[in-house]
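Close look at the chain arrangement
Here is what each chain is made of, one letter per residue.
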Amino acid sequence: AVVSTQSTGQCHKILQSLELGFPVYKLGNRKTGLACDLELKENKPSRFVNSIGHIKSIIGEDLVVANPLSKDEMTERGYTSAVLKATEYPRDGELCQTMAEDLEGVIKTGGGKIRHDLRLKKILVKPQGDEDCSVTRAVWENVQTGEEEVTPINTLYTSLGPSMTHLTIGDSPNKGVLRKVAENIGFGNLQEPIMYATAGTFSVLIRVDKDKIPEGHLQMFRDHKAAGVKHMMRMGEREVRVGNKKYQMFAIQCTAGGHFPMQHAHPEAPLNHIKTALIPVFGLERDGVSYDIMQLRSCSRGVTALNVVRAAAPASNLVMMYGQGGIGMAMSVSNGLLMKCLMGIRQRLGRGEITNRQYIECMKNSTFGDVPHWKHDVPFARDYTRLYDKNTTRITGKTLFPLNRGLLRVLQLVK
């Protein structure tokens, strides 16, 4: 709760600082849709709502604002009797559906390239001085052709998904300098252990007969809802006319459950969601409302035991993050800025401008100094050493192994 709530709370502030010129984040409101936590008849009471006071005492009153809806307000918005309680979170919102495409356009306009057909296989590094290393190239597999491609690297930021379960030494020679290097780093997995946490995600198209459902009750369809691990998000809506009849069409995306350590969601997860949440909350079996399931898929995550993101910087120009569960896409915004912050101090460490102890203190106190490509204040104020991967701290700074300048190091990603 501490990490995820603070990070998601910084999302819209960071995006505003970018001054992109187009919307990427929308806060909930009573007209376009609230961000609500629901307590349903068939579910156990929401532990988040019941523990809201405790969470506020941990992370601060300003980050968690919760407004319970009255029975009259719930009725006016169109909530059915299946919903016992609804709590609005006005500080919460949604990332715009076109955000990815819009941001890709910014990258392309700036001269960048985007590839969706590459899978990272190897990271090649070379010695930097006697106690550090830097990435020189990345080796990829083209998933369409099967061929290898190599990219020269200045800086490398990697956000690793569930298929990335191991980070190991690519070569393990029997003798010589490389053997000593491998012994110093270790032959095992340099990452913290992760496992699959998989949910079932499906999209539903709902048709509402506007002659039978009051206009005010359509607000319920617009609210973004969470009921435990069951989430229901409005992706879009449109009025459709068939002859003289008017219908309001809603596209809703739902997420159900989190199964450990399964790579694919169990079929019972979305079925349970449909029967115990989707149908009763939206009143899909009443006259004037109909629906159809448009798409269903598994949604895999790779999580650590703490179910919180891990950070690592094993080379002077390489920052990695992995192990984050399904706690909201808004985390990706603050995680991206945090990787920039870590890259800045990691490069300073590699150049010898700060010591290993100062490097750790920068993370501990969130004193990152000048951040690459960021001209604004840094909104972070926590001890990030607690999220830093302990397995890679032994190969940073003064603890790094001595390397022959003529050698290339290989870190191989193993699925």
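Residues numbered from 1 in each chain as written. Predicted model: local features only at pLDDT ≥ 70, side-chain atom pairs only at ≥ 80, totals over all residues. Heavy atoms only, no water.

**Notes on the pairing of strand 14 (residues 245–259)**
The criterion, for reference: At least two bridges found by DSSP between two strands is the condition for calling them paired. For the purposes of this entry, the term helix denotes a DSSP run of H or I that reaches at least four residues, the term strand denotes a run of E that reaches at least two, and both are numbered from the N terminus.
As judged from the eleven bridges shared by strand 11 (residues 195–209) and strand 14, these two strands associate in the antiparallel manner. Residue Gly200 lies in a different strand from strand 14, and its bridge partner there is Ala256. Note that strand 13 (residues 230–242) and strand 14 share twelve bridges and pair antiparallel. Within strand 14, the residue paired with Val242 across the bridge is Lys245.

**A short note on the nonpolar core**
Counted only if it meets this: We call a set of buried residues a nonpolar core when its members are Ala, Val, Leu, Ile, Met, Phe, Trp, Tyr or Cys and they connect through side-chain atoms within 4.5 Å of each other. Throughout, exposure labels follow a simple rule: accessible area from a 1.4 Å probe, protein chains only, divided by the maximum for the residue type, with under 20% read as buried, over 50% as exposed, and the rest as partly exposed. For this analysis, residues touch if any pair of their heavy atoms sits within 4.5 Å.
Formed by 34 residues in total, the largest nonpolar core has its most connected members in Leu342, Ile345, Tyr359 and Phe368. Elements with a minimum of two residues in this core: helix 2 (11–18), strand 16 (310–315), strand 17 (318–322), helix 10 (331–350) and helix 11 (356–365). Residue contacts for Leu342: discarding those within four places in its chain leaves Ala311, Val319, Met363 and Phe368. In this structure, Leu38, Phe250, Ile274 and Leu278 belong to the second largest nonpolar core, which totals 30 residues.

**A few points about the side chain of Ser334**
Topologically, Ser334 is positioned in helix 10. Apart from the residues lying within four places of it in its own chain, the contact partners of Ser334 are Ser7, Gln10, Ile14 and Phe380.

**Digging into the confidence of the model for the chain**
The line we're drawing: Confidence scores labelled pLDDT are given residue by residue by the predictor and lie between 0 and 100.
Within the chain, residue pLDDT values average 81, and 81% of them lie at 70 or more. For the chain, the element scoring lowest by mean pLDDT is strand 18 (residues 409–414), at 44; strand 8 (residues 148–152) scores highest, at 95. Low confidence marks residues 393–415, where pLDDT is under 50. Its contacts with residues over four positions away, or in another chain, come to 95 contacts.

**What about the side chain of Thr276?**
Rules: Throughout this description, a polar contact denotes any pair of N or O atoms lying within 3.5 Å of each other; where both atoms belong to protein, one of them has to be capable of donating a hydrogen while the other can accept it, and for residues adjacent in sequence the pair is counted only when both atoms sit in side chains.
Looking at where Thr276 falls in the secondary structure, it is placed in helix 9 (residues 268–282). Classification of Thr276 by relative accessible area gives buried; the value is 14%. There is a polar contact of 2.6 Å between the side chain of Thr276 and the backbone oxygen of Asn272.

**Thoughts on the environment of Asp292**
Position of Asp292 among the secondary structure elements: in strand 15 (residues 289–303). With relative accessibility at 48%, the residue Asp292 sits in the partly exposed group. Distance from Asp292 to Ser203, taken between C-alpha atoms, is 8.8 Å for residues 89 residues apart in sequence. Once residues lying within four places of it in the same chain are set aside, the contact partners of Asp292 are Ser203, Val204 and Leu205.

**What to know about the pattern of salt bridges**
Cut-off, in case you're wondering: Throughout this description, the term salt bridge denotes a Lys or Arg side-chain nitrogen within 4 Å of a carboxyl oxygen of Asp or Glu.
Tallied over the entire structure, the rule returns 15 salt bridges. Notably, a salt bridge pairs Arg115 with Asp117, separated by 3.0 Å at the nearest N-O pair. Judged by its relative accessible area of 14%, Asp117 falls in the buried class. One salt bridge in this structure joins Arg119 and Glu141, with 3.4 Å as the shortest N-O distance.

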